[in-house]
Amino acid sequence: MNITLSFFYICMKQLSTKAGPIGIFDSGYGGLTIFEYIRKELPQYDYIYLGDNARAPYGSRSFEIVYEFTLQAVTKLFEMGCQLVILACNTASAKALRSIQQNDLQNLDPSRRVLGIIRPTAEIIDELTTSKHVGILGTAGTIQSKTYEMEIAKLFPHIIASGQSCPMWVPLVENNEYNDAGADFFVKKYIDSLLLKDSSIDSIILGCTHYPLLYNKIREYTPEHIKIIPQGTYVASSLKDYLQRHPEIDIKCTKNGVSKFFTTESHEKFQEIGSMFLNQQIEVEQITIP
Ligand code: DGL
C-alpha cells in the first residue's frame, strides 16, 4: 500500500472514531417512548436504538447485574460508533449511570458521554405540581434506589415525593398484554397503593419508560385532578439543550436523519412490536452483547 493511501486510511479511521449516531439504550421496548420524542425534537441526528430484550426486564434485577448489563450495552454502542449514549431506562439510570460516568468512562473513552433520564425528569417537577406532593411509579429497582427522591430533594427540598414499584407492568408491556383486560387489575392495584401513601399527590411521574404504553389504563384508574407525567418530551428538550450547551459533543454526532434498531432477542418480534410503538415500519437487526 502506498504512503498516500495509508495516510488516507489513518485519517478515515480517526474520523470514524470521532463522530457517530446518538445511542439510545433500554432493557427492551420502553426506550422507544423516549426515542420517539428525541427524534421529533432532533430529527436531523442519526440514532442507534438498542433494546436488550433477551435479558429484560431489568427492574427486578440486582444492582450488580443491572450495572454489568448496562456497561456491556454502553460498550457495544461505543463500538458501534456512538459518541453519546442516552440510557433511556430509569432502572439503568438509577443503578448504573453514576458508576459508568465516574469509573468506567475514563477507561472506555473519556471524550464520550453517557446521560440518564432521571435528572431531566426531576428538573421539571416543581413546575408541574401545585400541592408539592408528587408520586413516582417505577420498577422495583428504580423505586428501591430512591434516586428520584434524592434528585428531587436536591433540586426542590420543599417537595414531598413518594414512590411505588409496579413489578407487573413491564412484563405486561414486553409481552404485548398491556391493552388487555387482565392488565387493569395490576394498574389499579399500584395506583391505589401509591395514593394510600400520600393522598395529597397531584402529579405522578411515570418513572419507567415502558409505562407510557399503559397510559390510557393509568389515566382511567387515577383521579382526574392528578397529572400523569410521561418523560419523553422533557428528556428530549433537555437533550436539545445539552447539545446546544456542549458544541464539542454536538459536533461528534452525525446528522443524516438515519435511525437503526438493534435487539438482543428476535428481530422479527422487535420489528412487529417496535413498529406498533412508533407507528412506523422499522427494520431491526439482532445482535449479541457483550
Ligand atoms: N424501561 C425501563 C425503565 O425505565 C426498565 C424496564 C425493565 O426492564 O424492568 O426502568
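Please refer to the structure placed before this passage.
Here is what the cut-offs are and how they apply
- Residues numbered from 1 in each chain as written.
- Predicted model: local features only at pLDDT ≥ 70, side-chain atom pairs only at ≥ 80, totals over all residues.
- Heavy atoms only, no water.
- Helix = DSSP H or I, 4+ residues; strand = E, 2+ residues; numbered from the N terminus.
- Rg over C-alpha atoms; globule rule 2.2 N^0.38 Å.
- Buried < 20%, exposed > 50% of the residue type's maximum accessible area, 1.4 Å probe, protein only.
- Areas by Shrake-Rupley, 256 points an atom, 1.4 Å probe, with all protein chains shown as cover.
- Lys, Arg positive; Asp, Glu negative; His and termini not counted.
- Charge placed at Lys NZ, Arg CZ, Asp CG, Glu CD.
- Pairing = 2+ DSSP bridges.
- Axes fitted to C-alpha atoms, helices over the stretch in contact; angles between N-to-C directions.
- Salt bridge = Lys/Arg side-chain N within 4 Å of Asp/Glu carboxyl O.
- Contact = heavy atoms within 4.5 Å.

With respect to the overall build of the protein chain
In terms of helices and strands, the protein chain carries 14 helices and ten strands. In summary, the protein chain has a C-alpha radius of gyration of 19 Å against a globular reference of 19 Å for 290 residues, a match within 12%. Counting only C-alpha atoms, the protein chain reaches 75 × 40 × 35 Å along its principal axes. Out of the 290 residues in the protein chain, the part that is buried amounts to 54%. Accessible surface, the protein chain as shown: approximately 13,300 Å² in total, 54% of it carbon and sulfur. Taken together, the 27 basic and 32 acidic charged side chains of the protein chain have centroids lying 5 Å from each other.

What about the sheet that holds strand E1 (residues 22-26)?
With parallel pairing, the six strands of this open sheet are ordered in space as E4-E3-E1-E2-E9-E10. Both outer strands of the open sheet, strand E4 (113-115) and strand E10 (284-286), are each paired with one neighbouring strand and no more. For this sheet, the mean inter-axis angle between neighbouring strands, taken without regard to orientation, is 20°. Sheet topology note: the E1/strand E3 (residues 84-87) ladder contains four bridges and is parallel.

Things to note about the pattern of salt bridges
Enumeration according to the criterion identifies twelve salt bridges in this entry. Lysine 154 is the salt-bridge partner of glutamate 151, the closest N and O atoms lying 3.3 Å from each other. With a gap of three residues between them, glutamate 151 and lysine 154 both fall in helix H8 (residues 147-155), about one helical turn apart. Judged by relative accessible area, glutamate 151 falls into the buried class, the value being 10%. Residue class for lysine 154 comes out exposed when judged on its relative accessible area of 52%. Residues arginine 245 and aspartate 241 are paired through a salt bridge, measuring 3.0 Å at the closest nitrogen-oxygen approach. In this pair, arginine 245 and aspartate 241 both sit in helix H12 (residues 232-245), four residues apart, roughly one turn of the helix. The network of salt bridges with common partners includes Arg119, Glu123, Glu151 and Lys154.

Some words on the environment of proline 212
Relative to the assigned elements, proline 212 resides in the loop between strand E7 (203-206) and helix H11 (215-220). Contacts of proline 212, omitting those with residues within four sequence positions, involve Thr33, Leu206 and Pro230.

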